[in-house]
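Coordinates in review
Take a look at the letters that make up each chain.
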Amino acid sequence: QKEVEQNSGPLSVPEGAIASLNCTYSDRGSQSFFWYRQYSGKSPELIMFIYSNGDKEDGRFTAQLNKASQYVSLLIRDSQPSDSATYLCAVNPETSGSRLTFGEGTQLTVNP
Amino acid sequence: DTEVTQTPKHLVMGMTNKKSLKCEQHMGHRAMYWYKQKAKKPPELMFVYSYEKLSINESVPSRFSPECPNSSLLNLHLHALQPEDSALYLCASSQGVAGPDTQYFGPGTRLTVL
């Protein structure tokens, strides 16, 4: 089992729809969770971070964390073509110090 | 301001060359990182500096040599690289505190080894 798994892509949604990106992790002691967006040929850009169970909203983005189920998700409301990118889920496992463990990423395409 | 800068943006080098990648941040962060990213793969951690001391080396070959001259600067010295070392090299920084510690990435250096 991979330490961090993301739903296999690519994911394609129409403009204006809700895009749902999912991530599960294996280290039950993980404390902090991050979503990065990466456009082709560019570096990862932090979208959201979440540390507590529940929802965290920032504009069109909502991160959801369920530590009991070891599950974190990112919802993008009113998806725009400019949201088309690869989304990386990153987890800071309990005993890893500063290390982030990344998922393989989910490629999202928003169709006009 | 969450800016991490990297130079150069692109670098082409031969296998016998010596070159350096540079990274700078002025956010007062005390942890800095080097990652390597191949196409369609997530970033792969290479080195971590915490308070200017090397704290993590992920068994990186010695042809990659990191250096942290001060808390704002991070270098990666390259020597005798192989074509398979061609990748996007990313620098990141974070506050370096215990507990949740958010990493911010620079724009990267696209390295091609001929």
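First, a word on scope: everything that follows refers to the structure included in this document. Just so it is clear, the structure is predicted and the values come from calculations on it, not from any experiment.

**Regarding the overall build of chain B**
Along its length, chain B carries zero helices and 11 strands. Of the regular secondary structure in chain B, the N- to C-terminal order runs β-β-β-β-β-β-β-β-β-β-β. Taking 13 Å as the expected radius of gyration for a compact globule of 114 residues, we find that chain B reaches 13 Å, a close match to that expectation. When the 114 residues of chain B are sorted by exposure, 47% land in the buried category. Long-range contacts, defined here as pairs at least 24 residues apart, represent 54% of the contacts in chain B between residues at least 6 apart. When the accessible surface of chain B is summed, it comes to about 5600 Å², and 51% of that surface belongs to carbon and sulfur atoms. Considering chain B, the positive charge centre built from 12 side chains and the negative charge centre built from 10 side chains are found 8 Å apart.

**So, the overall build of chain A**
Within chain A, the regular secondary structure consists of zero helices and 11 strands. Its helices and strands taken in sequence order, chain A reads β-β-β-β-β-β-β-β-β-β-β from the N to the C terminus. Dimensions along the principal axes, computed over C-alpha positions, put chain A at roughly 45 × 30 × 20 Å. Each of the 112 residues in chain A was classed as buried or not, and the buried ones make up 45%. A separation threshold of at least 6 residues defines the contact pool for chain A, and within that pool the share at least 24 residues apart is 52%.

**Here's the deal with the sheet that holds strand 1 (residues 4–6) of chain A**
Residue and element names in this part refer to chain A. The sheet built from five strands is open, its strands ordered 1-3-8-7-6 with antiparallel pairing. Two strands in the sheet have a free side with no partner beyond their single neighbour: strand 1 and strand 6 (54–58). Taking the axes of each pair of neighbouring strands and ignoring which way they run, one obtains an average angle of 15 degrees across the sheet.

**Comments concerning the pattern of salt bridges**
Under the criterion given, the structure shown has eight salt bridges over all chains. With a shortest N-O distance of 3.4 Å, Arg 77 of chain A and Glu 57 of chain A are connected by a salt bridge. Here Glu 57 of chain A lies in strand 6 and Arg 77 of chain A lies in the loop between strand 8 (71–76) and strand 9 (85–92), a separation of 20 residues in the sequence. Residue class for Arg 77 of chain A comes out partly exposed when judged on its relative accessible area of 28%. Residue Glu 58 of chain B pairs with Arg 99 of chain A through a salt bridge whose shortest N-O separation is 2.7 Å. A residue pair is termed interchain when its members come from two chains, as with Glu 58 of chain B in the loop between strand 6 (53–57) and strand 7 (64–70) and Arg 99 of chain A in the loop between strand 9 and strand 10 (101–102).

**Remarks on the interface of chain A and chain B**
Taken together, the contact between chain A and chain B spans 18 residues of the former and 21 residues of the latter. Counting the surface lost from both chain A and chain B, the interface buries some 1600 Å², and carbon and sulfur atoms represent 55% of this. Where chain A meets chain B, there are two salt bridges. Taken together, chain A and chain B are joined by six residue pairs in polar contact (both at pLDDT 80 or more). For the side of chain A that touches chain B, the elements supplying multiple residues, two or more each, are strand 4 (32–38) and strand 5 (45–50) of chain A. If you tally residues by element for the side of chain A that touches chain B, the top one is strand 4 of chain A, at four residues. The residue inventory of the side of chain A that touches chain B, partitioned by class, reads nine nonpolar, six polar and three charged.

**Remarks on unusual backbone geometry**
A cis geometry characterises the amide bond from Thr 7 of chain B onward to Pro 8 of chain B, with omega recorded as -10 degrees. Tracing the backbone shows Pro 8 of chain B in the loop between strand 1 (4–7) and strand 2 (10–13).

Thresholds applied
- Residues numbered from 1 in each chain as written.
- Chains lettered and ligands numbered in written order.
- Predicted model: local features only at pLDDT ≥ 70, side-chain atom pairs only at ≥ 80, totals over all residues.
- Heavy atoms only, no water.
- Helix = DSSP H or I, 4+ residues; strand = E, 2+ residues; numbered from the N terminus.
- Rg over C-alpha atoms; globule rule 2.2 N^0.38 Å.
- Buried < 20%, exposed > 50% of the residue type's maximum accessible area, 1.4 Å probe, protein only.
- Contact = heavy atoms within 4.5 Å.
- Areas by Shrake-Rupley, 256 points an atom, 1.4 Å probe, with all protein chains shown as cover.
- Lys, Arg positive; Asp, Glu negative; His and termini not counted.
- Charge placed at Lys NZ, Arg CZ, Asp CG, Glu CD.
- Pairing = 2+ DSSP bridges.
- Axes fitted to C-alpha atoms, helices over the stretch in contact; angles between N-to-C directions.
- Salt bridge = Lys/Arg side-chain N within 4 Å of Asp/Glu carboxyl O.
- Buried area = accessible area lost by both parts, 1.4 Å probe.
- Polar contact = N/O pair within 3.5 Å; in protein donor to acceptor, adjacent residues only side chain to side chain.
- Nonpolar A, V, L, I, M, F, W, Y, C, P; charged D, E, K, R; others polar.

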